Amino acid sequence: MKPDILERLLIDRALGRLDPDAEVLLVDYLANDPAAATQARELQETVELATKVMRGPAPAVKMPTQIHQLVWRHRTERVLALAASFIIGMGLTALLLHTNPHQENVAVLNPPTIAKIQPALVKNKIESLPFWSNQRMYLLASSAANSKENVQ
């Protein structure tokens, strides 16, 4: 008999699923082959032990409470980190966007003298500066004040 067929028949016999006619033939074969009989006993013992273990009650496993605490600690750390990032971002934004109103009034009231002396040079300087820069605003304010003085 082929080993794979013998193994399937032995498994079926150990599980109690073998037909009675096939079992009689298998018992007769096992009586003539001692190696196959040893394999059949080992397989029967294995199936009995597995059945015994599977039918027994499963032990109750308790989850440690530390895991629950670690999850909350991790979430709390993430929320606090996000809040700190938000506050730092708002502070830096306020710091960068902070303009001193006194400086703007000084620029409008006392325009730089260069705007009075060389308007073409001032125009070139204004065009070369970044659009939203403070220097550009000061020069535009001074040239506007200078042009008002010239009109009056």
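Just so it is clear, the model here is predicted, and its values are computed rather than measured.

Participant: Looking at this structure, how should I read the overall build of the protein?
Facilitator: Counting its regular elements, the protein contains eight helices and zero strands. Going residue by residue from the N terminus, the α and β elements of the protein occur as α-α-α-α-α-α-α-α. Residue burial in the protein is summarised as follows: out of 152 residues, 14% are buried. Of the contacts formed within the protein by residues at least 6 apart in sequence, a portion of 49% connects residues at least 24 apart.

Participant: Would you explain the environment of arginine 41 in this entry?
Facilitator: Looking at the element boundaries, arginine 41 is found in helix 3 (residues 34–55). Remark: the alpha-carbon pair of arginine 41 and leucine 10, spanning 31 residues in sequence, is separated by 9.2 Å.

Participant: Before we go on, may I ask you to explain the environment of leucine 10 in this structure?
Facilitator: Along the chain, the position of leucine 10 falls in helix 1 (residues 3–15). For leucine 10 and alanine 37, which are 27 residues apart along the polypeptide, the C-alpha to C-alpha distance reads 9.5 Å. Ignoring anything within four residues of it in the chain, the contact list for leucine 10 reads Leu26, Leu30, Ala36, Gln39, Ala40 and Leu43.

Participant: Help me understand the packing of helix 1 against helix 2 (residues 20–32) in this model?
Facilitator: How two helices pack is summed up by the angle between their axes together with the distance between the axes. Remark: helix 1 packs on helix 2, axes separated minimally by 11 Å, with the N-to-C direction vectors making an angle of 115°. Both helix 1 and helix 2 take part in a crossing whose hand is left-handed. Contact with helix 1, carried on its side by Leu6, Leu9, Leu10 and Arg13, involves Glu23, Leu26, Val27, Tyr29 and Leu30 of helix 2 and no other residues of that element. Across the contact of helix 1 with helix 2, the residue classes break down as seven nonpolar, no polar and two charged.

Participant: Looking at this structure, I do not really get the packing of aromatic side chains. What am I missing?
Facilitator: Where two aromatic rings form a pair, the distance of their centres and the angle of their planes describe that pair. Counted by the stated rule, this structure contains one aromatic pair. Geometrically, the ring pair formed by phenylalanine 131 and tryptophan 132 is edge-to-face, given 4.9 Å between the ring centres and 90° between the ring planes. For phenylalanine 131, a relative accessible area of 54% puts it in the exposed group. We classify tryptophan 132 as exposed; its relative accessible area is 73%.

Participant: I would appreciate a short explanation of the nonpolar core in the present structure.
Facilitator: A general tendency of soluble globular proteins is for nonpolar side chains to be buried together. In this structure, Leu6, Leu10, Leu18, Leu26, Leu30, Ala36, Ala37 and Ala40 together form the largest nonpolar core, which totals eight residues. Secondary-structure elements contributing two or more residues to this core are helix 1, helix 2 and helix 3. For this core, the leading source of residues is helix 3, giving three residues.

Participant: Sorry, what's going on with the side chain of serine 133 here?
Facilitator: Among the structural elements, serine 133 can be located in the loop between helix 7 (119–128) and helix 8 (134–151). Within polar-contact distance, the side chain of serine 133 engages the backbone oxygen of proline 130 at 3.0 Å. Separated by 3.2 Å, the side chain of serine 133 and the backbone nitrogen of arginine 136 make a polar contact.

Participant: Is there a simple way to think about the confidence of the model for the protein in this case?
Facilitator: Reading fine detail from the predicted coordinates is not recommended where pLDDT is low. In this model, the protein carries an average pLDDT of 79, and 77% of its residues clear a pLDDT of 70 or more. Counted against residues more than four places away or in other chains, residues 104–108, with its pLDDT under 50, gives five contacts.

Participant: Would you mind showing me how to read the pattern of salt bridges here?
Facilitator: Two side chains that carry opposite charge are able to pair once their charged atoms sit near each other. All told, the structure shown has one salt bridge when counted by the stated rule. In this structure, arginine 13 and glutamate 23 form a salt bridge, with 3.9 Å as the shortest nitrogen-oxygen distance. Here the residue arginine 13 occupies a position in helix 1, and glutamate 23 occupies one in helix 2, the gap between them amounting to 10 residues. Overall, the relative accessible area of 32% leaves glutamate 23 in the partly exposed class.

Participant: I keep staring at the environment of threonine 46 and nothing clicks. Help me out?
Facilitator: Counting through the fold element by element, threonine 46 comes out in helix 3. Taking the C-alpha atoms as reference points, threonine 46 and alanine 14, 32 residues apart in sequence, are found 9.0 Å from one another.

The rules behind these values
- Residues numbered from 1 in each chain as written.
- Predicted model: local features only at pLDDT ≥ 70, side-chain atom pairs only at ≥ 80, totals over all residues.
- Heavy atoms only, no water.
- Helix = DSSP H or I, 4+ residues; strand = E, 2+ residues; numbered from the N terminus.
- Buried < 20%, exposed > 50% of the residue type's maximum accessible area, 1.4 Å probe, protein only.
- Contact = heavy atoms within 4.5 Å.
- Axes fitted to C-alpha atoms, helices over the stretch in contact; angles between N-to-C directions.
- Left-handed = near helix turned anticlockwise from the far one by under 90°.
- Nonpolar A, V, L, I, M, F, W, Y, C, P; charged D, E, K, R; others polar.
- Phe/Tyr/Trp six-rings, centres within 6.5 Å; stacked < 30°, edge-to-face > 60°.
- Core = buried A, V, L, I, M, F, W, Y, C linked by side-chain atoms within 4.5 Å.
- Polar contact = N/O pair within 3.5 Å; in protein donor to acceptor, adjacent residues only side chain to side chain.
- pLDDT = per-residue confidence, 0-100.
- Salt bridge = Lys/Arg side-chain N within 4 Å of Asp/Glu carboxyl O.

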